[in-house]
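# Commentary on secondary and tertiary structure
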Amino acid sequence: MAQEIKYSIHRSPLKDADGNDTYQIRQEVGSVLNEKWMTSHLKEHNNLMAKYIEQALLVIEDEIVCNLLSNNRLHIEGLGTFFLKLGFREQTDEEGNSVKPHITDPSSITSDDICIEGVGFTPDKQFTSRFTSARGMHFTNVEALGYSKHSNTYTEEEVRTRLSAYLDRHELITRKHFMGLFGFKGYTADKWLERLTTGPASMLVRNRIGTSAVFRRRPTT
């Protein structure tokens, strides 16, 4: 097991109450390992036959799906609990944009309004402690000493003003163009886009063209 945890420092998009920059750290991930890698690794290090490993993984996957769709949560002792995450299905507004419904009357909610948004996972304390109590770990900044990866910093008024000027010239903006317009990293861009598309004072609406998310100015009433 690696004894070095690589991290990078990122400046948060919003300042604190006194106007100072704040920072956060994130692990720098080198690879996303898949089932094929896991099967090969387990076979090599545990003297297990690949076909049994593959079968076990498929059975576990099927059990998770079956139980969650049967209104259960599935707890695997020592690992954690899997559960479904429900939400409201996107609707189409008068302008043809896909938006999340704004529910004010709970009695108006029907099954047609609801969708499965994803799967959640809550790790057991026993499993989490294998990481938090790991000894001999060394943390290394992947950037040069004193340098932190960060996005440009703007006030909300500056973001809205520049974005408004962009949308005056263009019908929509993509995440990629939003990042380029402000010099944002992906994480910061996602935070701003979430902020700009939610709440009563939201500026943008999100919908899709093919598989890509695009953002348009919210129509005024």
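Up top is the structure these notes are about.
This text gives an overview of the structure that appears in the document. Quantities reported herein were computed from a predicted structural model and do not represent experimental measurements.

### Focus on the pattern of salt bridges
Counted by the stated rule, this structure contains six salt bridges. As a salt-bridge pair, Arg217 and Asp168 come within 2.8 Å of each other at their nearest N and O atoms. Residue Arg217 is found in strand E11 (residues 212–217), and its partner Asp168 is found in helix H4 (residues 156–169); the two are separated by 49 residues along the sequence. Judged by its relative accessible area of 58%, Asp168 is exposed. In this structure, Arg175 engages Asp190 in a salt bridge whose closest nitrogen and oxygen atoms are separated by 2.6 Å. Taken together, the positions of Arg175 in helix H5 (residues 175–182) and Asp190 in helix H6 (residues 186–197) put the pair 15 residues apart, joining distant regions of the chain. When its relative accessible area of 34% is taken as the criterion, Arg175 is described as partly exposed. A network of salt bridges, in which partner residues are shared, links Glu156, Arg160 and Arg195.

### Digging into the sheet that holds E11
If you walk across this open sheet you meet the three strands as E9-E11-E10, and the pairing is antiparallel. Each edge of the sheet is formed by a strand with only one pairing partner; in this case those strands are strand E9 (173–174) and strand E10 (204–209). Where E10 and E11 come together, six bridges link them in antiparallel fashion. From the neighbouring strand, Arg206 faces E11, where its bridge partner is Phe215. In this fold H4 packs onto E9, E10 and E11, with an angle of close to 100° to the strand it touches most, E11. H6 rests against E10 and E11 of the sheet, and its axis sits at about 115° to E10.

### Some details on the sheet that holds strand E3 (residues 74–76)
Sheet architecture is open: three strands sit in the order E3-E4-E7, paired in antiparallel fashion. In the strand order of this sheet, the two ends are held by E3 and strand E7 (114–123), each with one partner. Sheet twist, expressed as the mean angle between neighbouring strand axes with direction ignored, is 25°. In the sheet, strand E4 (residues 80–88) pairs with E7 via nine bridges, with the strands oriented antiparallel. Looking at E7, one finds that Leu86 is bridged to Ile116.

Definitions and limits used
- Residues numbered from 1 in each chain as written.
- Predicted model: local features only at pLDDT ≥ 70, side-chain atom pairs only at ≥ 80, totals over all residues.
- Heavy atoms only, no water.
- Salt bridge = Lys/Arg side-chain N within 4 Å of Asp/Glu carboxyl O.
- Helix = DSSP H or I, 4+ residues; strand = E, 2+ residues; numbered from the N terminus.
- Buried < 20%, exposed > 50% of the residue type's maximum accessible area, 1.4 Å probe, protein only.
- Pairing = 2+ DSSP bridges.
- Contact = heavy atoms within 4.5 Å.
- Axes fitted to C-alpha atoms, helices over the stretch in contact; angles between N-to-C directions.

Honestly, it's all geometry; don't read function into it.
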